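Below are the chains, spelled out letter by letter.
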Amino acid sequence: MTSTDTPENPASPNPAAPDGAQDSARDGAPVMLALHQTALGGPDVLRLTELPRPRPGLGEILVAVHAAGLNPTDFKHRALSIFLPPPPLTLGWDVSGTVVETGFGVTLFQPGDEVFGMLPYPYGAGSHAEYVTGPTRAFAAKPAGIDHVEAAALPLAALTAWQALVDTADLRAGQRVLIHAAAGGVGHLAVQIAKERGAHVTGTASAPKHGFLRELGADVCVDHNAEDFTDTEERYDVVLDALGGETATRSVSVLRPGGVLVSLLAGADDTQAAAEKAQVRAVSLLVEHDQAGMRAIAELVDRGKLRAHVSGTFPLAEGARAHAQGETGRTTGKLVITVR
Ligand SMILES: NC(=O)c1ccc[n+]([C@@H]2O[C@H](COP(=O)([O-])OP(=O)(O)OC[C@H]3O[C@@H](n4cnc5c(N)ncnc54)[C@H](OP(=O)(O)O)[C@@H]3O)[C@@H](O)[C@H]2O)c1
């Protein structure tokens, strides 16, 4: 379990529960609990810490976090300075919650609205806390038919899948798509988005997860532990690669000329050369906060075409345990941190 620290007294216990946080104040200034770190390292660097509650700036909203999704980028940034400056840090990009206060110029939301969204990636992190601020256009109205836990599982992973398949690859009905790591956070949402667009979907996952993929609508399942995905006559229009490295280069060989490889991780050095030779487009995608994308995702949820599978929830105080489980790399669907 994560202990509760304050910046002034790093080991002091804090009995304040998240539900009581609205009333907590230090020297008259409101405070909150956050899953905070002052050093890079393993999950044990995460401490439940009392911090000043943020105030919404120009064009921003203050959100009382009900639940916050966990993504591999959280584990990676906890351990290494990849895109963010060194600690102190509060991670978390996914959020579902209630608007508490609006900054000057905000017209789209008002206090009491239920919203979900992805904070600007990478510099806007901070949702693994009781409160977070972010620009209005990082958020959309939470679909009424799902709870905050499911809503919190969607933003970063679903936006990634949407921006890869729809915005970047322009996936169309009748096209054939290969989705690597199809049972994971991004993959399981990508399968559903691709099916909704009328594509034929092949997904890679270990054999025990093939039933899950078929329930999502996958047409063909490839067991990455027993089969080589390149050992096929199939030629895809689109490959979504959430694995990187040599998987990116090898994916080029299963694309038809004119096809598109969208990579979420750095590929091997020879990927671009292989893509040019095969006359395919190979691009790297970094997810962006995106209100139009969030609205499109909400609309799919409302129409019953997209659901997040949440395989585990962890209270904020047990965020370290969530990180440890997530970084095994075996998660089916999503893990979510519950806050209130
Ligand atoms: N560029 C961006 O903007 C962006 C955005 C989102 C994510 N990402 C990156 O994309 C990656 C995936 O993210 P995620 O959230 O989907 O991760 P995740 O939920 O942790 O993925 C877990 C899944 O990966 C599967 N997997 C592991 N090795 C595999 C392999 N060799 N072949 C097929 N499946 C495999 C596992 O299935 P099995 O247990 O069956 O192997 C598991 O279900 C991460 O590295 C993340 O950082 C990048």
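The shown structure was predicted, so the numbers you read here are calculated from the model rather than taken from an experiment.

Asks: Would you mind showing me how to read the overall build of the protein here?
Replies: Assigned secondary structure in the protein consists of 9 helices and 18 strands. Radius of gyration (C-alpha) of the protein: 20 Å, near the 20 Å computed for a compact globule of 340 residues. Total accessible area on the protein is roughly 14300 Å²; 52% of this is exposed by carbon and sulfur atoms. Each charge class in the protein can be summarised by its mean position, and for the 27 positive and 39 negative side chains these summaries are 4 Å apart.

Asks: I'm lost on the pattern of salt bridges in this one. Help?
Replies: Pairing between side chains of opposite charge can happen when the charged atoms of each approach one another. What the rule picks out here adds up to 12 salt bridges. Between Glu101 and Arg55 there is a salt bridge, and its shortest N-O distance comes to 2.7 Å. Residue Glu101 is located in strand β7 (residues 94-102), and its partner Arg55 is located in the loop between β4 (47-52) and β5 (60-70); the two are separated by 46 residues in the primary sequence. Classification of Glu101 by relative accessible area gives partly exposed; the value is 26%. A salt bridge links Glu234 to Arg176; the nearest nitrogen and oxygen atoms lie 2.6 Å apart. Linking Glu234 in the loop between β13 (220-223) and β14 (236-241) with Arg176 in strand β11 (residues 176-179), this pair joins segments that are 58 residues apart in sequence. Its relative accessible area of 18% is what places Glu234 among the buried residues. Judged by its relative accessible area of 30%, Arg176 falls in the partly exposed class. Taken together, the shared-partner salt bridges in this structure form one network comprising Glu196, Glu299 and Arg303.

Asks: What is the right way to read the nonpolar core from this model?
Replies: Residues Phe139, Leu154, Leu165, Val177, Ile179, Leu213 and Leu240 are the most contacted members of the largest nonpolar core, which totals 85 residues. Of all the elements, helix α3 (residues 155-168) adds the most residues to this core, at 9 residues. Residues in contact with Leu154, not counting those within four places in the same chain, are Phe116, Ile146, Leu159, Leu189, Val301, Leu306 and Ala308. Among the nonpolar cores identified, the runner-up in size contains 13 residues, and Phe229, Ala248, Leu261 and Val280 belong to it.

Asks: Sorry if this is basic, but what is going on with the layout of surface pockets here?
Replies: Where empty space is left in the structure can be found by rolling a water-sized probe over the atoms. Each pocket or cavity is described by its volume, and for the largest pocket that value is around 1200 Å³. Around the largest pocket sit 46 residues that line it, and Pro72, Lys76, Val186, Ala242 and Leu265 are the ones nearest its centre. Listing elements by their share of the lining of the largest pocket, those giving two or more residues are α1 (72-79), α3, α4 (185-196), β12 (200-205), α6 (246-252) and β18 (334-338). With 5 residues, α1 is the largest single contributor of residues to the lining of the largest pocket.

Asks: It is not clear to me how the site of the ligand should be interpreted in this structure. Could you clarify?
Replies: Neighbouring the ligand are 25 residues; Lys76, Ser206, His224, Leu285 and Thr331 lie closest to it. In the environment of the ligand, an oxygen atom lies 2.5 Å from a nitrogen or oxygen atom belonging to the side chain of Ser206. Contacts to the ligand include Leu264, whose backbone N or O atom sits 2.9 Å from a nitrogen atom. Within the complex, the protein chains bury 86% of what would otherwise be the 940 Å² of accessible surface of the ligand. Of all the elements in the fold, those that place two or more residues in the shell around the ligand are α1, α3, α4 and β12. Taken together, the residues of the shell around the ligand break down into 13 nonpolar, 9 polar and 3 charged.

Asks: Please clarify how the packing of α3 against helix α8 (residues 291-302) should be interpreted in this entry.
Replies: Helix-helix packing is described using two parameters, namely the angle between the two axes and the distance between the axes. Between α3 and α8, the shortest axis-to-axis distance is 10 Å and the interhelical angle comes to 100°. In terms of their interaxial angle, α3 and α8 are classed as roughly perpendicular. Here Pro155, Ala158, Leu159 and Trp162 of α3 come into contact with α8, specifically with Gly293, Met294, Ala296, Ile297 and Leu300. Here the residues of the contact of α3 with α8 sort into 8 nonpolar, 1 polar and no charged.

How each quantity is defined
- Residues numbered from 1 in each chain as written.
- Predicted model: local features only at pLDDT ≥ 70, side-chain atom pairs only at ≥ 80, totals over all residues.
- Heavy atoms only, no water.
- Helix = DSSP H or I, 4+ residues; strand = E, 2+ residues; numbered from the N terminus.
- Rg over C-alpha atoms; globule rule 2.2 N^0.38 Å.
- Areas by Shrake-Rupley, 256 points an atom, 1.4 Å probe, with all protein chains shown as cover.
- Lys, Arg positive; Asp, Glu negative; His and termini not counted.
- Charge placed at Lys NZ, Arg CZ, Asp CG, Glu CD.
- Salt bridge = Lys/Arg side-chain N within 4 Å of Asp/Glu carboxyl O.
- Buried < 20%, exposed > 50% of the residue type's maximum accessible area, 1.4 Å probe, protein only.
- Core = buried A, V, L, I, M, F, W, Y, C linked by side-chain atoms within 4.5 Å.
- Contact = heavy atoms within 4.5 Å.
- 1 Å grid on protein atoms, 1.4 Å probe; cavity = no way out; pocket = protein on both sides within 12 Å on 5 of 7 lines; lining within 4 Å.
- Points joined across faces, edges and corners; volume = space filled by probe spheres on them.
- Near = heavy atom within 4 Å.
- Polar contact = N/O pair within 3.5 Å; in protein donor to acceptor, adjacent residues only side chain to side chain.
- Nonpolar A, V, L, I, M, F, W, Y, C, P; charged D, E, K, R; others polar.
- Axes fitted to C-alpha atoms, helices over the stretch in contact; angles between N-to-C directions.
- Parallel < 35°, antiparallel > 145°, perpendicular 65-115°, else oblique.

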